[in-house]
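# Coordinates in review
The primary structure of each chain is shown beneath.
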Amino acid sequence: MKIRRPRLPRTRTGQRRLVQAVMAGCVLALLPATWLFVSTADRLRTTADAPPAPVAVVFGAGLWNGEPSPYLAHRLDAAARLYRAGRIKVVLVTGDNSRKDYDEPDAMRAYLKKHGVPDRRIVSDYAGFDTWDSCVRAKKIFGVDRAVLISQGFHIRRAVALCEAAGVNSYGVGVDAKHDVTWYYGGTREVFAAGKAVLDAVFRPDPTFLGPREHGVTEALTAARD
């Protein structure tokens, strides 16, 4: 059975319509990413000018042999700097612990402790399976109303937009990263992830796992004031 190749229009009118259709498709594909850039334009900061906030939320970014990947380590370094500078009181580490042999939050906690953040100031979210889940759980489970979010530059706009949609007043700190294969992959992935972000922001689905309210952040903030 022969498969016929699609034929390009032979008439000038047909060719013009094809070009218009392709251009329209490109515009529609880029609309979600445009929304992310526009909606977060005034919400991005650096570790030097991040506004004071009670909580910093650090998103998971993978483990290498049980230790934070270089990308995740850069995020955690930024959180530790903000803590030492007195700009945040508590760090909420949110990541994947869907199986016994993979525990992002505990690896993140151990790293922060090595870099000067007291254990009592670190709260773990073990069900941060994606950005939307982490944002919703920060609000509904941990009671976070205002936070500084920490991630790489290619991801931070989506994190801010989704946490704002989830009800968390957010500023984002995009940490530096080497422009390697991982960086380019992450940047490309964000173009497609932006579409899902729009759907999450509009329909606001429940996260994969919601669970009961946890008081770790509230207790850590209370201890910080004592």
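Computed from a predicted model, the values in this text were never measured in an experiment.

This part takes up the environment of Leu76. Looking at the secondary structure, you find Leu76 in helix α2 (residues 70-84). Taking the C-alpha atoms as reference points, Leu76 and Ser151, 75 residues apart in sequence, are found 9.0 Å from one another.

Further remarks concern helix α5 (residues 153-165). What sets the pattern is the α-helix's 3.6 residues per turn: residues three or four places apart point alike. When the terminal C-alpha atoms of α5 are compared, their 19 Å separation across 13 residues agrees well with the 18 Å that a helix rising 1.5 Å per residue should span. In terms of burial, α5 is a largely internal element, ten of the 13 residues being buried. Those residues of α5 that fall on the buried side of the exposure criterion are Phe154, His155, Ile156, Arg158, Ala159, Val160, Ala161, Leu162, Cys163 and Ala165. Just beyond α5, the residue with positive phi is Gly167, at close to 100 degrees.

Let's shift gears to the side chain of Asp133. On the secondary structure map, Asp133 appears in helix α4 (residues 131-140). Those residues in contact with Asp133 that sit more than four places away from it in its chain are Ala127, Pro207 and Thr208.

Right, let's get into the packing of α2 against helix α3 (residues 104-114). Each pair of packed helices gets described by two things: the angle between the helix axes and the distance between those axes. Two numbers describe how α2 lies on α3: the axes approach to 10 Å, and their chain directions differ by 50 degrees. With respect to α3, the axis of α2 lies oblique. As α2 runs across α3, the sense of the crossing is right-handed. Contacts between α2 and α3 involve Leu72, Ala73, Leu76, Asp77, Ala79 and Ala80 from the former and Met108, Tyr111 and Leu112 from the latter. A breakdown of the residues in the contact of α2 with α3 according to their chemical character gives eight nonpolar, no polar and one charged.

What follows deals with the sheet that holds strand β1 (residues 44-45). Pairing in this open sheet of six strands is parallel, and the strands run β1-β8-β7-β2-β5-β6 from one edge to the other. Strands at the two margins of the open sheet, each flanked by one partner only, are β1 and β6 (122-125). Pairing of strand β2 (residues 53-59) with strand β7 (residues 146-152) involves four bridges; the strand directions are parallel. The residue bridging Val57 from the neighbouring strand is Leu149, located in β7. In the packing of α3 onto the sheet, the strands contacted are β2, β5 (88-94) and β6, and the crossing angle to β6 comes to about 165 degrees. Strand contacts of α5: β1, β2, β7 and β8 (169-175), with the helix running at about 155 degrees to β7, the strand carrying the most contacts.

Another point: the pattern of salt bridges. As enumerated under the stated definition, the model contains eight salt bridges in all. When the shortest N-O distance is used, the salt bridge between Glu164 and Arg43 registers 3.6 Å. Here Arg43 lies in the loop between α1 (12-39) and β1 and Glu164 lies in helix α5, a separation of 121 residues in the sequence. Take Glu164: its relative accessible area is 32%, and that puts it in the partly exposed class. For the salt bridge of Asp119 with Lys113, the shortest nitrogen-to-oxygen distance reads 3.8 Å. According to the relative accessible area criterion, Lys113 is partly exposed, its value standing at 45%.

Thresholds, definitions, all that
- Residues numbered from 1 in each chain as written.
- Predicted model: local features only at pLDDT ≥ 70, side-chain atom pairs only at ≥ 80, totals over all residues.
- Heavy atoms only, no water.
- Helix = DSSP H or I, 4+ residues; strand = E, 2+ residues; numbered from the N terminus.
- Expected span 1.5 Å × (residues − 1).
- Buried < 20%, exposed > 50% of the residue type's maximum accessible area, 1.4 Å probe, protein only.
- Contact = heavy atoms within 4.5 Å.
- Axes fitted to C-alpha atoms, helices over the stretch in contact; angles between N-to-C directions.
- Parallel < 35°, antiparallel > 145°, perpendicular 65-115°, else oblique.
- Left-handed = near helix turned anticlockwise from the far one by under 90°.
- Nonpolar A, V, L, I, M, F, W, Y, C, P; charged D, E, K, R; others polar.
- Pairing = 2+ DSSP bridges.
- Salt bridge = Lys/Arg side-chain N within 4 Å of Asp/Glu carboxyl O.

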